[in-house]
Amino acid sequence: MKYKKQILTLHKILGLTTGIVVFIVAITGCFWAFKEEIEALLNDDTVIEVRAQEHLTPTEAKDIAKTIFPQQTVHGTLFKQPNDPIEVIFYDAEPEFYQSVFLNPYSGEILEVKDHMTGFFAFILKGHMRLWLPKELGEQVVGVSILLFIIIIISGFLLWLPKRRKNLKQRVSFKWKATTRWKRKNFDLHTILGFYVCALALILAFTGSTMSYNWMRYGFYKAIGGDKTIAFIIPENTSTTLEKNQDVSPIDQLIPLLRKENPNAESFELHYPHSKTESIYIETSNTEGVYYDSDFRFFDQNTLEEIETPSVYGTYSNAKVSDKILRMNYDIHIGAIGGIAGKIIAFLSSLLIASLPVTGTLLWYGRTYKKSKKSAL
């Protein structure tokens, strides 16, 4: 009994301290789970008539898009299907800038300019990651709160465990009657729903924390047998000079070559080298809606010779089991790993998690108010 009182005190203090953070992170997580599906319904995607004509090259697409944002940094250019616009992505960390220019893949006509820092889901993401606070402060508050939430989950499960097996039924099902008071109902909502969601809550909290903290990601990866570098590494070129007598720049030859090699790919995102010694980095998306099985490939910018990376982020076919588990982290976090069913589970889990700080606070208030009332009498 003594240790349970200590656990209850810890559970209560941590719960009250982090409750508002957990509530916001969970509620915003509900919306984020279906981001792609909601955007697909709301967005009127432009479909281009396929022509017997070559697409814009990466160099041409970059040059056209730079006329819109000449002072900003091109992060990469996304080539989807032949009837989809080409997306040139601009990103700068300081000051934060994230916009895209969409081009007709044949004519180069500018079809749309999209600001990724505004809109409903940009608002949701800022709340989920940093509570709409300044980035450095907000991310630390969220990160620490979710680490503490892991302790809350474990302590809550220990408190849930019944002293006797015969009392187990009371902890796994609602036995409400017409005379059941709201305090009892609230207690049952907190404990029973908390029990059913605790395993999924632990998964969501853990996967979120590994994205927040490098030390946690590194420790987890090594614990499951990983032996590669978990940082994203763009290797250097293997050559030093450009081969002569080339009519087309090597970087502009890559996308047609990769399309022939992998015609079923969802998209190819090309990243331009930042220096003459850096290789060209291309991310190939193989499956719609998930990221874990994407191929991260690197090519010498002079010869197009493929270069291996020591990082876990390489080609999926060469990934070990530990590499694949680490790369699945984000898709597990949002439920995408299980398709639409996985997203529904992630949504419902986040919704139930959001209810726990509410019922927990009401539980604490009810007990505190009752004690205060008795003292006054």
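Starting from 1, residues in each chain are numbered consecutively following that chain's sequence as written. With the structure being a predicted model, the display of local features is reserved for residues of pLDDT at least 70 and the display and counting of side-chain atom pairs for 80 or more, all residues being used for whole-chain, interface and lining totals. Neither water nor hydrogens contribute to the side-chain values; these are computed over all heavy atoms in the structure.

Caption draft 1: Just the nonpolar core, in detail. Judged by nonpolar contacts, the single largest core of 24 residues is most densely connected at Val 88, Phe 90, Leu 254, Leu 270, Ile 280 and Ile 282. Mapped onto this core, the elements with two or more residues apiece are helix H3 (58-65), strand S1 (74-79), strand S2 (86-92), strand S3 (97-103), helix H9 (250-261), strand S5 (267-271) and strand S6 (280-285). A run of DSSP states H or I qualifies as a helix once it reaches four residues; a run of E qualifies as a strand once it reaches two. Both are numbered from the N-terminal end. Here this core takes four residues from H9, the largest share from any one element. It only takes one pair of heavy atoms within 4.5 Å for two residues to be counted as in contact. Ignoring anything within four residues of it in the chain, the contact list for Ile 280 reads Ile 251, Leu 254, Leu 270, His 271, Pro 273, Arg 297, Phe 298, Phe 299, Asp 300, Gln 301 and Leu 304. Throughout this description, the term nonpolar core refers to a set of buried Ala, Val, Leu, Ile, Met, Phe, Trp, Tyr and Cys residues connected via side-chain atoms within 4.5 Å. Under the scheme applied here, a residue whose accessible area is under 20% of the maximum for its type counts as buried, over 50% as exposed, and between as partly exposed, the area being computed with a 1.4 Å probe on protein chains only.

Caption draft 2: Local environment of the pairing of strand S4 (residues 110-115). In short, DSSP must find at least two bridges between two strands for them to pair. One ladder, built from five bridges, connects S3 with S4; its direction is antiparallel. Counterpart to Val 101 in the pairing with S4 is Val 113. The antiparallel pairing of S3 with S4 creates a hairpin that spans six residues between the two strands, and Gly 108 there sits at a positive phi of about 85°.

Caption draft 3: Summary view of the pattern of salt bridges. Every case where a carboxyl oxygen of Asp or Glu lies within 4 Å of a side-chain nitrogen of Lys or Arg is listed as a salt bridge. All chains considered together, the criterion is met by eight salt bridges. Its salt-bridge partner being Arg 297, residue Glu 306 comes within 2.8 Å of it at the nearest N-O pair. Here the salt bridges do not stand alone but share partners, grouping Glu 261, Arg 297 and Glu 306 into one network.

Caption draft 4: Structural detail: the packing of aromatic side chains. Between rings of Phe, Tyr and Trp, where Trp is taken as its six-membered ring, a pair exists when centres lie within 6.5 Å; planes separated by under 30 degrees are stacked, by over 60 edge-to-face, and by other angles tilted. Evaluated as defined, the whole model comprises 23 aromatic pairs. A centroid spacing of 4.0 Å and a plane angle of 5° characterise the contact between Trp 160 and Phe 195, whose relative ring orientation is stacked. Here Phe 195 lies in helix H7 (residues 182-212) and Trp 160 lies in helix H5 (residues 135-160), a separation of 35 residues in the sequence. Taking the relative accessible area as the measure of exposure, Trp 160 reaches 9% and is therefore buried.

Caption draft 5: Expanded view of the packing of helix H1 (residues 2-33) against helix H2 (residues 35-42). Axes here refer to lines fitted to C-alpha atoms; in helices the fit is confined to the stretch in contact. Angles between the N-to-C directions go from 0 to 180 degrees. Orientation of H1 relative to H2, taken along the N-to-C sense of each, is 55°, at an axis distance of 5 Å. Regarding the angle of H1 to H2, the classification is oblique. Within the contact between the two elements, H1 uses Phe 31, Trp 32 and Ala 33 and H2 uses Lys 35, Glu 37 and Ile 38. Charged means Asp, Glu, Lys or Arg here, nonpolar means Ala, Val, Leu, Ile, Met, Phe, Trp, Tyr, Cys or Pro, and polar covers whatever is left, Gly included. Classifying every residue of the contact of H1 with H2 by side-chain character gives four nonpolar, no polar and two charged. Any angle between 65 and 115 degrees counts as roughly perpendicular, while under 35 counts as roughly parallel, over 145 as roughly antiparallel, and the rest as oblique.

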